[in-house]
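# Structure assessment
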Amino acid sequence: MILPGAILFICSVLAFALSAVCGGGASFILIPLLGWILPGAQVPAALSIGTAASSVSRIAVFFKNIRWSVVVWFVPSAIPAVWAGAWLLSYVNPIYLELILGMFLLSNLMLLLKPAKKNPAEKDMSVVILPFIGFAAGFVSGLTGAVGLLFNRFYLRYGLTKDEIIATRAANELLLHLVKLCLYVSFGLLTMHVVGYGLLIAIAAVVSAFLVKRILPYISESDFQKIGYTAMVLSGLFMFVNASNNIVSQDHLHVSYVAAEDGIETKMQWRQRTFQIDIEYDDGALEIEYPILREDLPADQQLRVNELAQGADNVLLEEVYGVNKHYYEVYVYKAGELIKYDI
């Protein structure tokens, strides 16, 4: 635990310091690292301990910059959503969630390429949307233990300065983190091992908060925006690549291309299923085929296959989808001969 703990502490200090300068992102930097140390379902619990401490330290340091008009509309709807996200965590594979979040963060690339603009005035953003944003933030936070960068765009559009973003986001998220920790305890995800790594992250978060207080005055508002969008894109790229590699390895994802008589046959293997796509050049038709079991057929088609399969050595079935068509292919192996039927 000493070596992983030391690596985690150093990375956490740097991540939370970078997070403050970027307007968020420490959690998304630490998720892959914690995934290397802890089981996937325990990562959000450990992360929430550290991020709760980070919120407390940032509130203490930037208290006068909190925009309370945002907090009072944001928090009430976020609390019940946290429960929904934490509950769903027991049923969702964290790898696929990381993939989705990575793609969402990558969508900020266009904002990064645009010239930095002065934040719009608060009146341009109606307070009516704040409860909806709070609900979305609470749900994602309960599911992943992280939320900062995902909603950083909202804070920028609402007209908050860099100091106000750090302070207001900390105030919004503190209660969410505390609720999440209670839920993680009730779901049995908060073990002593998790608490140990969580407290290590918490200490690093407090240290970084006081370091950031000295750095922030030297960063302009436009640079703050640019750095924030850059962090979102880079975090998204890292999460997308990391999740994609894990999915390929975990689910045995494999794609192959084979030349066919009238076109190209593409096969994708995922877990225990094989999906096949045939592209025919002669009529430009696109068909998707994949193997099925006999019990997957409708009752009348099962009777038809039973008739065709009499005396057969082996029978293979494929379901075929095309433009305005849907049918089944039956491959019957009998006495060394292969016969194909379309039904």
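Residues numbered from 1 in each chain as written. Predicted model: local features only at pLDDT ≥ 70, side-chain atom pairs only at ≥ 80, totals over all residues. Heavy atoms only, no water.

## Details of the environment of Ile 339
Which entries qualify depends on this criterion: Segments assigned H or I by DSSP are reported as helices when at least four residues long, segments assigned E as strands when at least two residues long, and all are numbered from the N terminus. Relative accessibility decides the category of a residue: with a 1.4 Å probe and only protein chains considered, values under 20% of the type maximum give buried, values over 50% give exposed, and everything between is partly exposed.
Position of Ile 339 among the secondary structure elements: in strand β7 (residues 337-342). Ile 339 sits in the partly exposed class, given a relative accessible area of 27%.

## Brief notes about the packing of helix α3 (residues 43-62) against helix α9 (residues 162-186)
Our working rule: The angle between two axes is taken between their N-to-C directions and runs from 0 to 180 degrees, where each axis is a line fitted to C-alpha atoms and a helix contributes only its stretch in contact. Whether a crossing is left-handed or right-handed is set by the direction in which the near helix is turned from the far one by less than a right angle, anticlockwise for left-handed and clockwise for right-handed. The contact definition used throughout considers only heavy atoms, calling two residues in contact when any of these lie within 4.5 Å. All residues other than Ala, Val, Leu, Ile, Met, Phe, Trp, Tyr, Cys, Pro, Asp, Glu, Lys and Arg, Gly among them, are scored as polar; the first ten of these are nonpolar and the last four charged.
Contact pair α3 / α9: the axes reach a minimum separation of 8 Å and the direction vectors enclose 145°. For the element pair α3 and α9, the recorded crossing hand is left-handed. Side by side, α3 and α9 meet where Pro 44, Ala 45, Ser 48, Ile 49, Thr 51, Ala 52, Ser 55, Val 56, Arg 58, Ile 59 and Phe 62 of the first sit next to Asp 163, Ile 166, Ala 167, Arg 169, Ala 170, Ala 171, Glu 173, Leu 174, His 177, Lys 180, Leu 181 and Tyr 184 of the second. Partitioned by chemical class, the residues of the contact of α3 with α9 number 14 nonpolar, 4 polar and 5 charged.

## Points about the confidence of the model for the chain
The test is simple: A residue's pLDDT is simply how confident the predictor is in it, with values from 0 to 100.
The pLDDT averaged across the chain works out to 75; a share of 75% of its residues lies at or above 70. Averaged pLDDT values over the elements of the chain bottom out at 54 in strand β1 (residues 254-259) and peak at 88 in helix α12 (residues 299-308). Note on residues 119-123: pLDDT is under 50 here. Beyond four places in sequence and across chains, it has 12 contacts.

## With respect to the side chain of Ser 12
Structurally, the position occupied by Ser 12 is in helix α1 (residues 2-22). Under the relative-accessibility criterion, Ser 12 is labelled buried at 0%. Excluding residues that lie within four positions of it along the chain, Ser 12 makes contacts with Leu 30, Ile 201 and Ala 204.

## Concerning the pairing of strand β6 (residues 325-334)
Applied cut-off: Strands are treated as partners if at least two bridges between them are detected by DSSP.
Summarising the sheet, strand β5 (residues 314-322) and β6 pair through 9 bridges and their orientation is antiparallel. Bridging from a neighbouring strand, Gly 322 pairs with Lys 325 of β6. Hairpin connection, β5 to β6: the antiparallel pair is bridged by 2 residues, and Asn 324 has positive phi, about 60°. Looking at chain direction, β6 and β7 are connected through 6 bridges and run antiparallel. By the bridge assignment for β7, Val 330 is matched with Tyr 341. Remark: 2 residues form the turn of the hairpin made by β6 and β7, two consecutive strands paired antiparallel; Ala 335 in that turn has positive phi of roughly 55°.

## Some words on the nonpolar core
Across soluble globular proteins, nonpolar side chains have a tendency to be buried as a group. Here is the rule we go by: The criterion is simple. A nonpolar core is a set of buried Ala, Val, Leu, Ile, Met, Phe, Trp, Tyr and Cys residues joined through side-chain atoms within 4.5 Å.
Grouped together as the largest cluster of nonpolar side chains are 58 residues, with contacts concentrated most on Leu 8, Leu 30, Leu 34, Leu 38, Phe 62, Phe 74 and Phe 154. When residues of this core are assigned to their parent elements, the largest contribution, 8 residues, is made by α9. One finds Ala 309, Tyr 328, Val 330 and Ile 343 within the second-largest nonpolar core, a separate group that totals 12 residues.

## Re helix α10 (residues 192-215)
Worth spelling out the cut-off: Expected span of a helix: the number of residues minus one, times 1.5 Å.
Taking 1.5 Å per residue as the helical rise, α10 with its 24 residues ought to reach 34 Å, and the 35 Å between its terminal C-alpha atoms agrees with that figure. Considered for burial, the residues of α10 that qualify are Val 194, Tyr 197, Gly 198, Ile 201, Ala 202, Ala 204, Ala 205, Ser 208, Ala 209 and Val 212.

## Quick look at the packing of helix α4 (residues 68-88) against α9
Cut-off, in case you're wondering: Orientation labels follow simple angle bins: below 35 degrees gives roughly parallel, above 145 gives roughly antiparallel, 65 to 115 gives roughly perpendicular, and whatever is left gives oblique.
Closest axis-to-axis distance for the α4/α9 pair is 9 Å, and the angle between their directions is 25°. Classified by the interaxial angle, the pair formed by α4 and α9 is roughly parallel. For the pair α4 and α9, the sense of crossing is right-handed. For the pair α4 and α9, contact is made by Val 70, Val 71, Phe 74, Val 75, Ala 78, Ile 79, Val 82, Trp 83 and Ala 86 and by Thr 168, Ala 171, Asn 172, Leu 175, Leu 176, Val 179, Lys 180, Leu 183 and Tyr 184, respectively. Across the contact of α4 with α9, the residue classes break down as 15 nonpolar, 2 polar and 1 charged.

## Regarding the pattern of salt bridges
Two side chains bearing opposite charge may form a pair once their charged atoms approach each other closely. Just so we agree on the cut-off: A pairing counts as a salt bridge when a side-chain nitrogen of Lys or Arg comes within 4 Å of a carboxyl oxygen of Asp or Glu.
In the structure shown here, the tally under the stated rule is 3 salt bridges. The partner of Glu 307 in a salt bridge is Arg 304, with the nearest N and O atoms 3.8 Å apart. With a gap of 3 residues between them, Glu 307 and Arg 304 both fall in helix α12, about one helical turn apart. Where Lys 340 meets Glu 329, a salt bridge forms, and the shortest distance between an N and an O atom there is 3.3 Å. Of this pair, Lys 340 sits in strand β7 while Glu 329 is found in strand β6, placing the two residues 11 residues apart along the sequence.

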